[in-house]
Amino acid sequence: MKRQRIVAGNWKMNLDFNEGRDLAIGIIRSIGSSDVLTILCPPFIHLHYISVLTNGIANIEVGAQNCHSARNGAFTGEVSAAMIKSTGASYVILGHSERREFFDEDDALLAEKVNIALASGLHPIFCCGEKLEVREAGTHEHLVRTQLENGLFHLDSDVFAKIVIAYEPVWAIGTGKTASPAQAQEMHKFIRSLIAERYGQEIADSTAILYGGSCKPDNAAEIFSQPDVDGGLIGGASLKAADFVAIVDSFPQS
Ligand code: PGA
């Protein structure tokens, strides 16, 4: 079963307008034509400009890092899924551990965000993953199962097919500590088994599951060579064009 291979760059709250433009241009210039889908996820202020820059380039898409759960309304400072879609973006990261931790986003809110994103024509990149104490207690699979059941598994199978999943162990994000390729494979295989349980093997086999957490040019190839790892969600290393493109180029030859 051939799944879409994806590398998404999560710029987080970095880069002003000019810096973001330069990074996007640098990536566009050096990215080769491959069957890897590259998704640039900058802060909101960059979405429209980068969507225009990447318009018509087959293997590059643009995504946001969050959206509000409501369609529109009196929510000062917030951005709706429909607004994101109108910029030309087609993805949105939801449930990132920083949103869960610093903005108190729980599974019930994330389920609402997933719904509004899909209804607005966006593909959610849904993040799950455990903190260090959960891993040490050995309950990481239980936690990830709960995150997926509460945030995603209410969806019907036809819409679930639009979802990308990112497994990001919180202890590996921005810490320089990656999950070992074996740890990533074990969790990705487990996530795929949960999807198979809920939606059947065919949908499980076609769902892209990305790894995130200190993924860099020097470790991406080993992680991406695992059978259930379909790519990466890249934070720090997505801020330099050369590093990011090297990660995009890290898949084994198919
Ligand atoms: P990192 O971040 O690559 O800097 O660890 C990954 C993420 O938070 O998506």
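Now for a description of the structure that goes with this document. (Residues numbered from 1 in each chain as written. Predicted model: local features only at pLDDT ≥ 70, side-chain atom pairs only at ≥ 80, totals over all residues. Heavy atoms only, no water.)

Once that is clear, we can look at the nonpolar core. Within the largest apolar cluster, 64 residues are counted, with the highest numbers of intra-cluster contacts made by Leu-148, Leu-152, Phe-160, Ile-165, Ile-191 and Ile-195. Among the elements that take part in this core, helix α9 (residues 181–199) stands out by supplying 8 residues, more than any other. Residues within four places of Ile-195 in sequence aside, it is in contact with Phe-153, Phe-160, Ile-165, Gly-200, Ile-203, Ala-204, Thr-207 and Ile-209. One finds Tyr-91, Ile-93, Ile-125 and Cys-127 within the second-largest nonpolar core, a separate group that totals 14 residues. (Core = buried A, V, L, I, M, F, W, Y, C linked by side-chain atoms within 4.5 Å. Buried < 20%, exposed > 50% of the residue type's maximum accessible area, 1.4 Å probe, protein only. Helix = DSSP H or I, 4+ residues; strand = E, 2+ residues; numbered from the N terminus. Contact = heavy atoms within 4.5 Å.)

What follows covers the sheet that holds strand β7 (residues 209–212). In space, the 8 strands of this closed barrel follow the order β1-β2-β3-β4-β5-β6-β7-β8, with parallel pairing throughout. Each neighbouring strand pair of the sheet contributes to a mean axis angle of 25 degrees, computed without reference to strand direction. Looking at chain direction, strand β1 (residues 5–10) and strand β8 (residues 231–234) are connected through 4 bridges and run parallel. Counted as the bridge partner of Ala-8 is Leu-233 from β8. Packed onto the sheet, helix α7 (residues 140–151) meets β5 (123–128) and β6 (164–167) and runs at close to 150 degrees relative to β5. (Pairing = 2+ DSSP bridges. Axes fitted to C-alpha atoms, helices over the stretch in contact; angles between N-to-C directions.)

As a further point, take the site of the ligand. Close contacts around the ligand come from 13 residues, with Lys-12, His-96, Glu-168, Gly-174 and Ser-214 the closest. A distance of 2.7 Å is found between an oxygen atom of the ligand and a side-chain nitrogen or oxygen belonging to Glu-168. Within the backbone of Gly-236, an N or O atom sits 2.8 Å from an oxygen atom of the ligand. Relative to its unbound accessible area of 280 Å², the ligand is 96% covered by the protein chains. The residue inventory of the shell around the ligand, partitioned by class, reads 4 nonpolar, 7 polar and 2 charged. (Near = heavy atom within 4 Å. Polar contact = N/O pair within 3.5 Å; in protein donor to acceptor, adjacent residues only side chain to side chain. Areas by Shrake-Rupley, 256 points an atom, 1.4 Å probe, with all protein chains shown as cover. Nonpolar A, V, L, I, M, F, W, Y, C, P; charged D, E, K, R; others polar.)

Locating Ser-51 in the fold gives a position in helix α2 (residues 47–54). For Ser-51, a relative accessible area of 9% gives the class buried. A polar contact of 2.7 Å, which involves the side chain of Ser-51, links it to the backbone oxygen of Leu-47. Aside from chain neighbours lying at most four places away, what touches Ser-51 is Val-62, Thr-87, Gly-88 and Ala-89.

What follows deals with the packing of aromatic side chains. Inspection of every chain in the model, using the stated rule, returns 5 aromatic pairs. Taken together, a centroid distance of 5.2 Å and an interplanar angle of 70 degrees make the contact between Phe-17 and Tyr-49 edge-to-face. Of this pair, Phe-17 sits in helix α1 (residues 17–30) while Tyr-49 sits in helix α2, and the two are 32 residues apart along the sequence. Judged by its relative accessible area of 33%, Tyr-49 is partly exposed. Between Phe-224 and Phe-251 the ring centres are 4.6 Å apart and the planes differ by 25 degrees, which places this aromatic pair in the stacked class. In this pair, Phe-224 is assigned in helix α11 (residues 217–224) and Phe-251 in the segment after α12 (241–248), connecting sequence segments 27 residues apart. With relative accessibility at 3%, the residue Phe-224 sits in the buried group. (Phe/Tyr/Trp six-rings, centres within 6.5 Å; stacked < 30°, edge-to-face > 60°.)

Taking 1.5 Å per residue as the helical rise, α1 with its 14 residues ought to reach 20 Å, and the 20 Å between its terminal C-alpha atoms agrees with that figure. By the burial criterion, the buried members of α1 are Gly-20, Leu-23, Ala-24 and Ile-27. An end-on view of α1 places all buried positions within 95 degrees of arc, on one side of the element. The secondary structure elements touched by the buried residues of α1 are β2 (36–41), α2 and α12. Measuring from the backbone nitrogen of Asn-18 back to the side-chain oxygen at the start of α1 gives 3.1 Å, which picks out Asp-16 as the cap. (Expected span 1.5 Å × (residues − 1). Arc of directions from axis to C-beta.)

In a regular helix each residue adds 1.5 Å, so 12 residues correspond to 16 Å; α7 covers 16 Å between its end C-alpha atoms and thus fits that length. Listed as buried for α7 are His-140, Val-144, Gln-147, Leu-148 and Gly-151. Projection of α7 onto a plane perpendicular to its axis shows the buried side chains occupying an angular sector of 90 degrees, all on one side. Tucked inside the fold, the buried residues of α7 contact α4 (97–102), α5 (107–119), β5, α6 (132–137), β6 and α9.

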